[in-house]
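Residues per chain, in single letters:
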Amino acid sequence: MALEEISAWLVWVLPLVASLFVPLVAKKGDKIRNYYVIAVAIVTAALAFSLVPSVWFGNGQPTSYQISWIPGINNINAGVYIDPLSVLFTCLVAFFGLIIAIYSWGYMRGEEGLTRYYFLILLFIGSMIGLVICDNMLQMFIFWEMVGLCSYALISFWYKRPESINAGIKVFIMTRIGDICLLAAIAILFAGPIINGQGPLYTFGFREVIAALTTAAATPGALNTGLLVIVFFLVLGGAISKSAQLPLFTWLYSAMEAPTSVSALLHAATMVKAGVYLLARFILIASAAAPLIIALQPLWFPIVAWIGVLTALVGATLAITTTDIKGVLAYSTVSQIGFMMAGLGSAVSGAASIGWFASLFHMVSHAFFEGLGFLLAGGIIHVLGTRDMRLMGGLRKAMPVSFILMGIMVITTSGLPPFAAFFSKGLVISSVTEASTIQAIILYATAAITFAYCIRMFTLVFMGKESEHLQKQHIHESPKVMLIPAAVLAALCIAWGLSLPGVLDFMSKSTITANLTNLNISILSSFTDLETPIFLAILVPTGLLVYYSYYKNFQAARNVGGGKNPIATMLNHAYFFDDAYIAFAKGLAKVSRGLEHMEDGITRSINYLGASTMRAALKARKAPSGSVQNYIAAAVLGFVLIIILIILTVGV
């Protein structure tokens with residue numbers, strides 16, 4: 001067995017199996033348990049990065065290793081799939097798992113239920129890596145559900161708080177909508193008439209599906225493109241739910257009831273990116289069949305792009321109005337994933353579109369700067385005991401290291417050079433510009449709002465005078481065990497952008513991904529593109545406006561989002577999406593209760609008629625023979641009525 005194969009299996013099996021031993025190790029002491037979790041995270045990260053050379057120096061073909069799993073139709077196998085996309089996500093998940101394991105040592109110290117917490121963290125790491133490295137859709141869906149279960153359990157970690165329980169339930173229910181869509185897509189691909197004139201594929205494997213589509217594409221009319229388009233829309237439904245996009249984005253803000261370390265791992269760096277991975281994987285599958293790409297271009301790709309563009313705008317506008325520091329980062333995540341979706345939606349807009357690569361490059365950039373933001377926010381909350389930015393201010397002197405690191409986070413998120421998001425966000429906007437000018441204009445506006453909410457958060461937290469709330473406390477810097485992981489992410493916010501040529505080369509190492517990464521991109525071209533001066537020109541007035549609004553207390557601009565006007569009302573209600581969902585749920589409950597009352601009424605009527613018929617029959621036995629006919633007639637009539645009511649009940 002090759003070293004690559006061993007690493008590919010162990011990288012997800014190890015944390016899954018190791019999670020089961022956390023309760024046993026915890027009996028030896030809390031420190032030993034913590035060391036154990038960190039050691040598992042270190043080995044997992046090493047295994048993940050050991051897969052990079054196998055792709056870099058490979059033969060250009062994706063590698064799949066399989067073992068027998070479910071005998072029966074086509075003998076379904078379990079396996080791992082090694083290509084640039086799976087390795088990129090595997091390294092990201094394993095790296096952040098290590099970062100959060102170390103950070104949690106400081107942030108979660110003294111909390112109850114830490115054995116349960118670390119068990120779920122390792123279980124999540126193994127499940128998420130299993131999701132992105134598996135070689136078939138059935139296995140992927142199982143891990144997809146395991147990731148959702150871990151998310152629910154970690155969001156509800158503080159189960160004694162009603163708001164935590166409610167948040168976990170909300171996340172669980174809303175993400176199940178996408179799960180149903182994804183399961184339906186997988187079932188159709190497995191058993192549906194995908195290829196005209198042939199039976200179902202009866203396979204879940206990525207390689208087998210790609211091979212079947214490639215072969216069928218060579219014959220005109222062989223692909224059932226209509227059914228495949230339906231499959232891709234169902235896949236999009238799964239991605240929308242998991243990655244918190246319109247209209248199912250509101251769960252991500254509610255998920256901030258989780259510990260901040262969980263928010264950084266699940267809802268900034270890894271789990272919320274599962275939808276991005278899903279679409280990126282299926283776009284690769286579609287790229288193997290030209291007729292399918294042609295069928296998806298008129299409707300599917302534009303809808304993906306519009307969902308991303310509008311979600312980016314909605315998330316940014318909500319981030320600039322909330323006073324919750326974690327809420328700003330939550331809505332920022334929603335917005336930045338919108339950028340990724342917009343890139344994927346423009347992935348085939350031209351002969352050499354950069355959308356697919358731009359989306360993935362920005363995905364990693366976002367993991368670094370948003371993860372950094374959550375780690376720093378966790379440190380601030382850890383020290384101050386509040387998430388309300390109105391109770392903060394003037395922290396730059398008491399928390400100088402956090403001040404500098406947050407400055408790096410703000411600059412990176414805003415997309416200023418030479419930090420990572422300048423390159424990744426610029427690539428996304430360039431790709432969208434090629435597809436749609438209107439979408440590009442909206443993204444430019446969103447980028448300006450992004451700069452605004454970043455400066456606003458930075459100003460409210462670190463600038464100005466200390467609030468009365470802070471003056472009553474002894475403020476100090478976060479512990480080193482929390483600052484060191486944040487500093488590592490801050491360094492990566494700088495280094496990742498400069499690694500652009502190398503990452504592009506890595507993502508082109510597969511013959512399949514090369515179809516979408518055959519690009520001529522350099523660091524220099526990112527500075528000389530037309531989008532760069534336009535982008536920077538937009539940021540200058542935006543920055544000045546926010547500076548005067550929140551540092552110089554210019555109330556006119558602040559009243560737009562904080563006053564009693566229609567815009568403020570709409571933003572404070574998150575565009576009324578949750579209100580609409582609640583109204584729908586209440587209406588559905590009323591209909592359900594009405595049907596229940598109707599069913600009870602029919603059941604009581606049937607019981608009454610049945611009892612009456614029985615009484616009539618008993619009287620007939622005792623009555624004179626001359627009146628028996630009357631009783632028999634009444635009994636027959638009652639029986640007929642019972643049958644009619646039963647039919648009506650079944651119909652209802």
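Above this note sits the structure.
The structure displayed is predicted, hence computed values, not measured ones.

### Considering the pairing of strand β2 (residues 76-82)
Alright, step 1. Burial runs high along β2: six of the seven residues are buried.
Alright, step 2. Strand direction decides the pairing type here: strand β1 (residues 63-70) and β2, joined by seven bridges, are antiparallel. By the bridge assignment for β2, Ile-70 is matched with Ile-76.

### Topic: the environment of Met-399
Alright, step 1. Turning to its location among the elements, Met-399 is positioned in the loop between α17 (355-384) and α18 (400-414).
Alright, step 2. Of the residues examined, Met-399 reaches a relative accessible area of 0% and is grouped as buried.
Alright, step 3. A sequence separation of 77 residues divides Met-399 from His-476, and the C-alpha atoms of the two residues are 6.2 Å apart.
Alright, step 4. Setting aside residues up to four positions removed in sequence, Met-399 forms contacts with Gly-379, Ile-380, Val-383, Phe-462, Ile-475, His-476, Glu-477 and Ser-478.

### Thoughts on unusual backbone geometry
Alright, step 1. With omega at 0 degrees, the peptide bond leading from Leu-246 into Pro-247 counts as cis.
Alright, step 2. Between Pro-417 and Pro-418 the backbone carries a cis peptide bond, its omega angle lying at 0 degrees.
Alright, step 3. If you trace the backbone, Pro-418 turns up in the loop between α18 and α19 (420-435).
Alright, step 4. Even without a glycine there, the phi angle at Tyr-575 is positive, about 60 degrees.
Alright, step 5. Of note, Tyr-575 is situated in the loop between α28 (566-572) and α29 (577-622).
Alright, step 6. Of note, Phe-576 is a non-glycine position whose phi angle comes to about 65 degrees, a positive value.
Alright, step 7. Mapped onto the elements, Phe-576 comes out in the loop between α28 and α29.
Alright, step 8. Taking relative accessible area as the criterion, Phe-576 reaches 36% and is therefore assigned partly exposed.

### Points about helix α9 (residues 206-217)
Alright, step 1. With 12 residues, α9 should cover 16 Å at 1.5 Å per step; its first-to-last C-alpha distance of 16 Å lies within 8% of that length.
Alright, step 2. Every buried residue belonging to α9 is among Phe-206, Val-209, Ile-210, Ala-212, Leu-213 and Ala-216, and all of these are buried. Across the axial projection of α9, the buried residues extend over an arc of 165 degrees, all falling on one side.
Alright, step 3. As for α9, its buried residues are in contact with β2, α7 (137-155), α10 (225-242), α13 (274-287) and α14 (290-296).

### Brief notes about the pattern of salt bridges
Alright, step 1. Tallying each qualifying case throughout the model produces nine salt bridges.
Alright, step 2. Here Arg-387 and Asp-324 are joined by a salt bridge, their closest N and O atoms 2.5 Å apart. Highlighted residues: Arg-387 in the loop between α17 and α18 and Asp-324 in the loop between α15 (300-319) and α16 (325-345), separated in sequence by 63 residues.
Alright, step 3. Using a relative accessible area of 23% as the deciding quantity, one classes Arg-387 as partly exposed.
Alright, step 4. Here the residues in one salt-bridge network are Glu-145, Arg-176 and Asp-179, joined through shared partners.

### Focus: a nonpolar patch on the surface
Alright, step 1. Where nonpolar side chains cluster on the molecular surface, the patch consists of Val-17, Leu-20, Phe-21 and Leu-24 and spans about 380 Å² of accessible area.
Alright, step 2. In this structure, Leu-20 sits in helix α1 (residues 3-20).
Alright, step 3. Residue Leu-20 is classed as exposed on the basis of its relative accessible area, which comes to 58%.

### As for α15
It helps to recall that an α-helix has 3.6 residues per turn; residues three or four apart then point in one direction.
Alright, step 1. For α15, built from 20 residues, the straight-helix expectation of 28 Å at 1.5 Å per residue is met to within 8% by its first-to-last C-alpha distance of 28 Å.
Alright, step 2. In terms of burial, α15 is largely enclosed, as 15 of its 20 residues are buried.

### Examining the nonpolar core
Burial of nonpolar side chains together is a common tendency in soluble globular proteins.
Alright, step 1. With 223 residues, the main nonpolar core has Tyr-117, Met-140, Trp-356, Phe-357, Leu-360 and Ile-380 as its most contacted residues.
Alright, step 2. Take this core: its biggest share by element is 19 residues, from α17.
Alright, step 3. Setting aside anything within four residues of it in sequence, one finds Met-140 in contact with Leu-131, Cys-134, Leu-182, Ile-186, Phe-206, Tyr-277 and Leu-278.

### A closer look at the side chain of Asp-324
Alright, step 1. By relative accessible area, which is 10% here, Asp-324 ends up buried.
Alright, step 2. Among the polar contacts listed, one links the side chain of Asp-324 to the backbone nitrogen of Lys-326, at a separation of 3.0 Å.
Alright, step 3. When sequence neighbours within four positions are dropped, the list of residues in contact with Asp-324 reads Tyr-253, Arg-387 and Met-389.

### Describing the packing of α7 against helix α12 (residues 260-269)
When two helices pack together, their arrangement is captured by the angle between the axes and the distance separating the axes.
Alright, step 1. In the contact formed by α7 and α12, the axes pass within 11 Å of each other and the chain directions differ by 155 degrees. On the basis of their axis angle, the class for α7 and α12 is roughly antiparallel. Classified by chirality, the crossing of α12 by α7 is left-handed. Of α12, the residues touching α7 (which contributes Ser-151, Leu-154 and Ile-155) are Val-262, Leu-266 and His-267.
Alright, step 2. Within the contact of α7 with α12, the residues separate by chemical class into four nonpolar, two polar and no charged.

### Concerning the environment of Val-22
Alright, step 1. Here Val-22 is to be found in helix α2 (residues 22-26).
Alright, step 2. Val-22 sits 11 residues away from Arg-33 along the chain, and the two C-alpha atoms are 6.7 Å apart.
Alright, step 3. Apart from the residues lying within four places of it in its own chain, the contact partners of Val-22 are Arg-33, Tyr-36, Val-37, Thr-115, Tyr-118, Phe-119 and Leu-122.

### Things to note about the packing of α16 against α19
Alright, step 1. The N-to-C vectors of α16 and α19 enclose an angle of 45 degrees; their axes lie 9 Å apart at closest approach. Judged by the inter-axis angle, α16 sits oblique to α19. Where α16 crosses over α19, the handedness of that crossing is left-handed. Across from Gln-336, Phe-339, Ala-342 and Gly-343 in α16, the residues of α19 making contact are Lys-425, Val-428, Ile-429, Ser-431 and Val-432.
Alright, step 2. Looking at side-chain class alone, the contact of α16 with α19 contains five nonpolar, three polar and one charged residues.

About the cut-offs
Residues numbered from 1 in each chain as written. Predicted model: local features only at pLDDT ≥ 70, side-chain atom pairs only at ≥ 80, totals over all residues. Heavy atoms only, no water. Buried < 20%, exposed > 50% of the residue type's maximum accessible area, 1.4 Å probe, protein only. Helix = DSSP H or I, 4+ residues; strand = E, 2+ residues; numbered from the N terminus. Pairing = 2+ DSSP bridges. Contact = heavy atoms within 4.5 Å. Expected span 1.5 Å × (residues − 1). Arc of directions from axis to C-beta. Salt bridge = Lys/Arg side-chain N within 4 Å of Asp/Glu carboxyl O. Patch = residues over 30% accessible without salt bridge, like charges linked within 9 Å, V, L, I, M, F, W, Y side chains within 5 Å. Areas by Shrake-Rupley, 256 points an atom, 1.4 Å probe, with all protein chains shown as cover. Core = buried A, V, L, I, M, F, W, Y, C linked by side-chain atoms within 4.5 Å. Polar contact = N/O pair within 3.5 Å; in protein donor to acceptor, adjacent residues only side chain to side chain. Axes fitted to C-alpha atoms, helices over the stretch in contact; angles between N-to-C directions. Parallel < 35°, antiparallel > 145°, perpendicular 65-115°, else oblique. Left-handed = near helix turned anticlockwise from the far one by under 90°. Nonpolar A, V, L, I, M, F, W, Y, C, P; charged D, E, K, R; others polar.

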